[in-house]
There are 2 protein chains.
Amino acid sequence: MTEMTQHIASAFDRDLEGIQAKIMKMGGLVEAAIRDGAKSLDTRDEELAEQVRMGDKAIDLLEEQLNDEAARVIAIRAPTAIDLRVILSVMRMSANLERIGDLSKNMAKRTGVLAQLTPIQGSPAALRRMAREVELMLKDALDAYIQRDAELARDVIERDRDVDQMYNTLFREFLTFMLEDPRNITACMHLHFIAKNIERMGDHVTSIAEQVVFLVTGAKPGQPRPKGDMTSSDPRYSVDANSDED
Amino acid sequence: MTEMTQHIASAFDRDLEGIQAKIMKMGGLVEAAIRDGAKSLDTRDEELAEQVRMGDKAIDLLEEQLNDEAARVIAIRAPTAIDLRVILSVMRMSANLERIGDLSKNMAKRTGVLAQLTPIQGSPAALRRMAREVELMLKDALDAYIQRDAELARDVIERDRDVDQMYNTLFREFLTFMLEDPRNITACMHLHFIAKNIERMGDHVTSIAEQVVFLVTGAKPGQPRPKGDMTSSDPRYSVDANSDED
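Calculation criteria
- Residues numbered from 1 in each chain as written.
- Chains lettered and ligands numbered in written order.
- Predicted model: local features only at pLDDT ≥ 70, side-chain atom pairs only at ≥ 80, totals over all residues.
- Heavy atoms only, no water.
- Helix = DSSP H or I, 4+ residues; strand = E, 2+ residues; numbered from the N terminus.
- Buried < 20%, exposed > 50% of the residue type's maximum accessible area, 1.4 Å probe, protein only.
- Contact = heavy atoms within 4.5 Å.
- Areas by Shrake-Rupley, 256 points an atom, 1.4 Å probe, with all protein chains shown as cover.
- Least-squares fit on C-alpha atoms with pLDDT ≥ 70 in both.
- UniProt positions renumbered as here; feature names shortened; annotations may be inferred.
- Buried area = accessible area lost by both parts, 1.4 Å probe.
- Salt bridge = Lys/Arg side-chain N within 4 Å of Asp/Glu carboxyl O.
- Polar contact = N/O pair within 3.5 Å; in protein donor to acceptor, adjacent residues only side chain to side chain.
- Phe/Tyr/Trp six-rings, centres within 6.5 Å; stacked < 30°, edge-to-face > 60°.
- Lys NZ or Arg CZ within 6 Å of the ring centre and 35° of its normal.
- Disulfide = S-S within 2.5 Å.
- Core = buried A, V, L, I, M, F, W, Y, C linked by side-chain atoms within 4.5 Å.
- Expected span 1.5 Å × (residues − 1).
- Axes fitted to C-alpha atoms, helices over the stretch in contact; angles between N-to-C directions.
- Parallel < 35°, antiparallel > 145°, perpendicular 65-115°, else oblique.
- Nonpolar A, V, L, I, M, F, W, Y, C, P; charged D, E, K, R; others polar.
- Left-handed = near helix turned anticlockwise from the far one by under 90°.
- pLDDT = per-residue confidence, 0-100.

**Student:** Outline the overall build of chain A, listing residues and values.
**Tutor:** Along chain A, the regular secondary structure elements total six helices and zero strands. Secondary structure elements of chain A, listed N to C terminal, follow the sequence α-α-α-α-α-α. Looking at the 246 residues of chain A, the share that counts as buried comes to 56%. Once local pairs closer than 6 in sequence are excluded, the contacts in chain A between residues at least 24 apart make up 83%. As displayed, chain A has an accessible area near 10100 Å², and 53% of this comes from carbon and sulfur atoms.

**Student:** Describe the relation of the copies chain A and chain B, and please don't skip the residues or the numbers.
**Tutor:** Superposing chain A onto chain B requires a rotation of 180° together with a translation of 0.0 Å along the rotation axis, leaving an RMSD of 0.0 Å. Taken together, the turn and the small shift mark the pair as related by a two-fold rotation axis. Ranked by how close their C-alpha atoms come to the rotation axis, the residues of chain A are headed by A78(A), at 2.8 Å. Mapped onto chain B, 100% of the interface residues of chain A again fall at the interface, so both copies present the same surface.

**Student:** Describe the UniProt feature "domain: PhoU" (unreviewed entry) in chain A, with residues and values.
**Tutor:** The feature "domain: PhoU" (unreviewed entry), as annotated in UniProt, sits at residues 23-111 and 127-212 of chain A in this numbering. This span, residues 23-111 of chain A, is 94% helix and 0% strand, and a straight line between its end C-alpha atoms measures 28 Å.

**Student:** Pulling in residues and values, what's your account of the interface of chain A and chain B?
**Tutor:** The extent of an interface is frequently quoted as the accessible surface area lost upon association of the parts. On the chain B side, the residues contacting the 44 residues of chain A number 44 residues. Taken together, the two surfaces of chain A and chain B that pack against each other cover about 3900 Å², and 59% of this comes from carbon and sulfur. Here chain A and chain B share zero salt bridges between them. Summed over the shared surface of chain A and chain B, the number is zero residue pairs in polar contact (both at pLDDT 80 or more).

**Student:** Tell me what's going on with the packing of aromatic side chains, and back it up with residues and numbers.
**Tutor:** Note on aromatic pairs: each is described by the distance of the centres and the angle between the planes. Residues and elements named next belong to chain A. All told, the structure shown has two aromatic pairs over all chains when counted by the stated rule. We note R85 situated over the ring of F214; from NZ or CZ to the ring centre the distance is 4.7 Å. Above the plane of the ring of Y167 lies K196, whose end atom (NZ or CZ) is 5.2 Å from the centre.

**Student:** Can you break down the state of the cysteines residue by residue, with the values?
**Tutor:** Inspection of the entire model under this criterion finds zero disulfides over all chains. Of all cysteine sulfurs, the one in C188(B) lies closest to C188(A), which takes part in no disulfide; the gap is 15 Å. In this structure C188(A) comes out as buried when scored by relative accessible area, which is 0%.

**Student:** Can you lay out the nonpolar core for me, pointing to particular residues and giving the numbers?
**Tutor:** In this structure, I198(A) and I198(B) are the most contacted members of the largest nonpolar core, which totals 139 residues. Dropping the residues within four chain positions of it, I198(B) is found in contact with M107(B), L127(B), M130(B), A131(B), V134(B) and V163(B).

**Student:** I'd like a description of helix α3 (residues 81-115) of chain A, backed by residues and values.
**Tutor:** Each full turn of the α-helix corresponds to 3.6 residues, which orients residues three or four apart in the same direction. Here α3(A) is 35 residues long and its end C-alpha atoms lie 52 Å apart, about the 51 Å a rise of 1.5 Å per residue gives. In terms of burial, α3(A) is largely enclosed, as 28 of its 35 residues are buried.

**Student:** Please set out the side chain of S104(B) residue by residue, giving values where relevant.
**Tutor:** Residues and elements named next belong to chain B. Along the chain, S104 turns up in helix α3 (residues 81-115). Engagement of the side chain of S104 in a polar contact is seen with the backbone oxygen of I100, the distance being 2.9 Å. For S104, the residues in contact, after removing those within four places along its chain, are A33, I34, G37, V52 and M201.

**Student:** Quick rundown of the packing of helix α5 (residues 150-180) of chain A against helix α6 (residues 185-217) of chain A? Include the residues and the values.
**Tutor:** All names here are of chain A. Contact geometry for α5 and α6: axes closest at 9 Å, N-to-C directions at 170°. As judged from the angle between their axes, α5 and α6 are roughly antiparallel. A breakdown of the residues in the contact of α5 with α6 according to their chemical character gives 21 nonpolar, four polar and seven charged.

**Student:** Can you tell me about the packing of α6(A) against helix α6 (residues 185-217) of chain B, naming the residues and giving the values?
**Tutor:** Running from N to C, α6(A) and α6(B) cross one another at 50°; their axes reach a closest spacing of 13 Å. By the angle class used here, α6(A) and α6(B) are oblique. The two elements α6(A) and α6(B) cross, and the hand of that crossing is right-handed. Together, I185(A), M189(A), H192(A), F193(A), K196(A) and R200(A) of α6(A) and I185(B), M189(B), H192(B), F193(B), K196(B) and R200(B) of α6(B) make up the contact between the two elements.

**Student:** How would you summarise helix α4 (residues 123-146) of chain B if you had to cite specific residues and measurements?
**Tutor:** Between its first and last C-alpha atoms α4(B) spans 35 Å; for 24 residues at 1.5 Å apiece the expected length is 34 Å, and the two agree. Looking at the residues trailing α4(B), positive phi occurs at R148(B), about 50°.

**Student:** Describe the environment of N197(B), and please don't skip the residues or the numbers.
**Tutor:** Note that N197(B) resides in helix α6. Linking N197(B) and A144(B), residues 53 residues apart in sequence, is a C-alpha distance of 24 Å.

**Student:** Give a description of the pattern of salt bridges that names residues and reports values.
**Tutor:** In total, this model carries 30 salt bridges over all chains according to the counting rule given. Salt-bridge contacts for E199(A) lead to K196(A); the nearest nitrogen and oxygen are separated by 3.4 Å. Note that E199(A) and K196(A) are positioned in helix α6 at a spacing of three residues, about one turn of the helix. Note that D140(B) is salt-bridged to R159(B), the shortest N-O span being 2.8 Å. You can see D140(B) sitting in helix α4 and its partner R159(B) sitting in helix α5 (residues 150-180), a full 19 residues away along the chain. Each of the two residues, D140(B) as well as R159(B), counts as buried. Salt bridges linked by common partners bring D15(A), E69(A), R72(A) and R77(A) together as one network.

**Student:** Give a detailed account of the confidence of the model for chain A, specifying residues and quantitative values.
**Tutor:** Residues and elements named next belong to chain A. Summary statistics for chain A give a mean pLDDT of 87 and a share of 86% for residues scoring 70 or more. Taken element by element, the predicted model of chain A shows its lowest mean pLDDT in helix α1 (residues 3-43) (87) and its highest in helix α4 (residues 123-146) (96). Across the whole predicted complex the pTM is 0.83, and at the interface the ipTM reaches 0.77.

**Student:** I'd like a rundown of the environment of A141(A), residues and numbers included.
**Tutor:** Residue and element names in this part refer to chain A. Along the chain, the position of A141 falls in helix α4. For the pair A141 and D13, spaced 128 residues apart in the sequence, the C-alpha separation amounts to 22 Å. Residues in contact with A141, not counting those within four places in the same chain, are V156, V205, I208, A209 and V212.

So, in structure tokens, the structure goes:
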């Protein structure tokens, strides 16, 4: 390896370290947004909800910086095919993180409205447990990325089934509440939106984990990812609760 | 310009033409998926719905090819900053197209279930008009990309307001139907899902238009895009119908 290529290689590695540090920072903010968004709903804490909404700006800014930085690195370092794959996955991962942040913000947004509606016993706590599961999946997906751990990433992909199951259970509960008493309809429409958004956060985390598997093994997500979702086949479910974007 | 750089430049242009041809092909398939997905709902045509579901595989495959092709071009041509910007926007646009395709597939999926439920007068036709608007926005967004027409792209971004308004109107209708008669709840939950998905398709088309504006003018979408959505401020709306991902 000539001194020149050595110089270029190490310069690229320094750039990549900076980019990975930003991704981890972004990931930390998004984990907090999921946690606090769900907590604000459960505890009806409108101040915390406002923090989550404001905090989303920092997440959006990080994604923009990551894209600019990645484009700059590609332009000036002309990375090899494998290095390029890393940079491009980082760009995709940051797009997934940004969307999870938006969904958390949207969850927090509903805190105020829900506080004014008929309380639906137990549901906010159940949504918080579901969000907690997604938060842990995200933490593991990011650890899997840093450690290039395909096994951990595959484990995250599998765990999305549990999130889908939690969604299915909640969905049946909401429908029952609505049919029992029309006064529950509005609150249940909100809670169902939130459950669906958390289920979609899980899908975005799964995409991040699939990026890690692809990075490490070169294997693309051939089959559709495992779905624990029975609603399209099982007549007991009245609405097809399939992920909208799979 | 030396013969060598001339050679590289023209090779890049040929690559870019191939990539743009694929994007337009993908765009055409997605436009058809929106149109046929909405039509299958309105006419209860389960055969057409099945075609849309099957057709989504071709859209996903094109996105994968586009990403591979774009990565290959970046790796072997080491494009200049401006050429790189074009390639990276194409990758983002293809991700948006892929998601619109998924949402259309999801819309088509509900044709069978809806056919078994209490019909909600006029709603499938209204959803079809809403989908038609999004389809036209997409067509214009892709024309704006090929012609590098920032004005047309800005026009598309503005028109997303109308789609949001259509969503708000439908949302109020569905809530009224549900409150009037619990037997409408299940069908309205489906129809509301579909309306929300079409509204999200509009957001993805808006992202494509924003990519075009960025490409032509270098201007990033600073402010949040215009939202015709009144539901978070207007008490007449019982559910915050904000886009989940803005």
